[in-house]
Amino acid sequence: MDTGTHVVMGVALGGIATLDPVVNSDPALFNAVLIGTLVGSQAPDSDTILKLKNNAVYIRHHRGITHSIPAVFLWGISIPSLIYLFTPEVNFLHLWLWTFLAVILHVFVDVFNAYGTQAYRPFTKRWVAYGFINTFDPYIFTLHIAGIVAWNLGADPGIMWLIIYFVIALYYVKRYFDKRELVRLIHEYIEDVEQIATSPTMKQNVWRIAITTPNHYYVGRAENGHITILDKFNNKPIDYDDPVVQKALTDHNIKAFLSFSPVYRYEMSYYDEYTEVRFIDLRYRSRGRYPFVALAQIDDEHGDDLKVLNSYTGWVFTEEKLQNKLTPARELE
């Protein structure tokens, strides 16, 4: 989920904690727990700081190890321990319990959007992305804002937040069945489906879909149960025997892209100074373009002495902006 939603979830969990008699009877403990749930609801996303290094590192590691099973336990014990240093008079067990729950909730809700997490590490580095809740879901966020307003107006926080989270749980169930029905329709519409990537939109009845078959990729949109195919591409396997492709696959930007993207196509463009290998994520079609890409420009003019002249991975919404992010290959010669 987005940062704002994680913040309001931290507030909500602090409200639910008032149902704990130990927390409810100790104002100091309640304040410590509220700090714990707020920090715990944000801690797994601390890897956002990797953006300061470069896109490749961020893409490869965001929602990776910080969302793993060992990290959840580490956050769960380190955050309340730090808070306890400043409030040694409170009950540590209950402070730990609610803070740990906030960390678990953060990682749990992240697996349901299209971006996903590596929540099952260290058992597998597979990205878990069930793809039926939007990264920012206006319904979930609005329910939380309404709950915060009601709390400030005097509503009992424990009971109120339990009711809200019961409604949200029902909403998750509904969205799960919405996706299951969508998958069923796709299998009826297209033969030999190997993989389906779904991305819910801000509208309940509209989905973005990317479909893999043995021979083609299909990119489309589903609205009110009707599927529209917007683009169709040949499913061309990566040519691992091509030396230029082999060199591109050693680049850190390309590696980062391939470690993250489950549905992509690649293309090669030939120029006088270099050959460009470009990978294009098919999940994020926007205004007829695919803005999430990775590319490497390979100097192949000197026989077997191949060099990566330039590379990039990230979001670019026009070709002009992409080229502005790259140093012209001729300047690197």
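Treat the numbers as computed from the prediction; the structure is a model and nothing was measured.

Asker: Account for the overall build of the chain, with residues named and values stated.
Answerer: In terms of helices and strands, the chain carries 11 helices and 8 strands. Referenced to the eigenvectors of the C-alpha coordinate spread, the extents of the chain come out at roughly 75 × 45 × 35 Å. Considering only intrachain contacts with a sequence separation of at least 6, the fraction spanning at least 24 residues in the chain is 53%. For the chain, the exposed area adds up to about 16700 Å²; of that, 60% sits on carbon and sulfur atoms. Of note, the chain has its 29 positive side-chain charges centred 4 Å away from the centre of its 35 negative side-chain charges.

Asker: Tell me what's going on with helix H1 (residues 3–16), and back it up with residues and numbers.
Answerer: Residues spaced three or four apart along an α-helix face the same direction, because each turn holds 3.6 residues. Counted at 1.5 Å a residue, the expected span for H1 with its 14 residues is 20 Å, and the 20 Å between its end C-alpha atoms agrees. Burial analysis of H1 places 11 of its 14 residues in the buried class, which makes it a mostly covered element. What H1 keeps buried is the set Thr-5, His-6, Val-8, Met-9, Gly-10, Val-11, Ala-12, Leu-13, Gly-14, Gly-15 and Ile-16. In this structure, the buried side of H1 is in contact with helix H3 (27–40), helix H6 (92–110), helix H7 (138–152) and helix H8 (157–189). Capping of H1 at its N-terminal end is provided by Asp-2; its side-chain oxygen lies 3.2 Å from the backbone amide nitrogen of Gly-4.

Asker: Before we move on, can you summarise the confidence of the model for the chain with the specific residues and values?
Answerer: Summarising the model, the chain shows a mean pLDDT of 90, and 97% of its residues fall at 70 or more. A low-confidence stretch, residues 329–333 (pLDDT under 50), is modelled with 9 contacts involving residues beyond four sequence positions or located in other chains.

Asker: How would you explain the packing of aromatic side chains if you had to name every residue and give the values?
Answerer: Counted under the stated rule, the structure contains 27 aromatic pairs. With 6.4 Å between their ring centres and 70 degrees between their planes, Phe-30 and Trp-151 make a pair best called edge-to-face. With a gap of 121 residues between them, Phe-30 in helix H3 and Trp-151 in helix H7 connect regions that are remote in the sequence. Here the aromatic rings of Trp-96 and Phe-100 are separated by 5.3 Å at their centres, their planes lie at 25 degrees, and the arrangement is stacked. Placement of the pair is Trp-96 and Phe-100 together in helix H6, with a separation of 4 residues, close to one helical turn. What makes Trp-96 partly exposed here is its relative accessible area of 26%. A relative accessible area of 12% means that Phe-100 is categorised as buried. An aromatic cluster of three or more residues is present, and its members are Tyr-115, Trp-127, Phe-257, Phe-260, Tyr-264, Tyr-266, Phe-279, Tyr-284, Phe-292 and Trp-315. Across from the ring centre of Phe-233, 4.1 Å away, lies the NZ or CZ of Arg-265, which sits over that ring.

Asker: Outline the sheet that holds strand E5 (residues 264–270), supporting the account with residue identities and numerical values.
Answerer: The strands making up a sheet associate through hydrogen bonds between their backbones, and the pairing can be parallel or antiparallel. An order of E5-E6-E7-E8 is seen for the 4 strands of this open sheet, with the pairing classed as antiparallel. The strands lining the two open edges of the sheet, one partner per strand, are E5 and strand E8 (307–315). Shown here is a sheet whose adjacent strand axes are inclined to one another by a mean of 15 degrees, direction ignored. Two strands pair when backbone bridges link them, and strand E7 (residues 292–299) and E8 are joined in this way by 8 bridges, in the antiparallel orientation. In the strand pairing of E8, Ile-298 is matched with Val-308. Contacting E5, strand E6 (275–281), E7 and E8, helix H10 (residues 252–260) crosses the sheet at an angle of about 145 degrees to E7.

Asker: Could you give an account of the environment of Asp-231, naming the residues involved and the relevant values?
Answerer: Counting through the fold element by element, Asp-231 comes out in strand E4 (residues 226–234). Along the sequence, Asp-231 and Ala-71 sit 160 residues apart, while their C-alpha atoms lie 40 Å from each other. Not counting residues within four places of it along the chain, the set of residues in contact with Asp-231 comprises Tyr-217, Tyr-218, Val-219, Arg-285 and Tyr-290. Polar side-chain contacts of Asp-231 include one of 2.9 Å to the side chain of Arg-285.

Asker: Lay out the pattern of salt bridges with the relevant residues and their values.
Answerer: If you walk through the whole model with that rule in mind, you get 10 salt bridges. Taking the shortest distance from any N to any O, the salt bridge between Asp-231 and Arg-285 comes out at 2.9 Å. Of this pair, Asp-231 sits in strand E4 while Arg-285 sits in the loop between E6 and E7; the two residues are 54 residues apart in sequence, bridging distant segments of the chain. Between Asp-281 and Arg-283 there is a salt bridge whose closest N-O contact spans 2.9 Å.

Thresholds applied
- Residues numbered from 1 in each chain as written.
- Predicted model: local features only at pLDDT ≥ 70, side-chain atom pairs only at ≥ 80, totals over all residues.
- Heavy atoms only, no water.
- Helix = DSSP H or I, 4+ residues; strand = E, 2+ residues; numbered from the N terminus.
- Contact = heavy atoms within 4.5 Å.
- Areas by Shrake-Rupley, 256 points an atom, 1.4 Å probe, with all protein chains shown as cover.
- Lys, Arg positive; Asp, Glu negative; His and termini not counted.
- Charge placed at Lys NZ, Arg CZ, Asp CG, Glu CD.
- Expected span 1.5 Å × (residues − 1).
- Buried < 20%, exposed > 50% of the residue type's maximum accessible area, 1.4 Å probe, protein only.
- Polar contact = N/O pair within 3.5 Å; in protein donor to acceptor, adjacent residues only side chain to side chain.
- pLDDT = per-residue confidence, 0-100.
- Phe/Tyr/Trp six-rings, centres within 6.5 Å; stacked < 30°, edge-to-face > 60°.
- Lys NZ or Arg CZ within 6 Å of the ring centre and 35° of its normal.
- Pairing = 2+ DSSP bridges.
- Axes fitted to C-alpha atoms, helices over the stretch in contact; angles between N-to-C directions.
- Salt bridge = Lys/Arg side-chain N within 4 Å of Asp/Glu carboxyl O.

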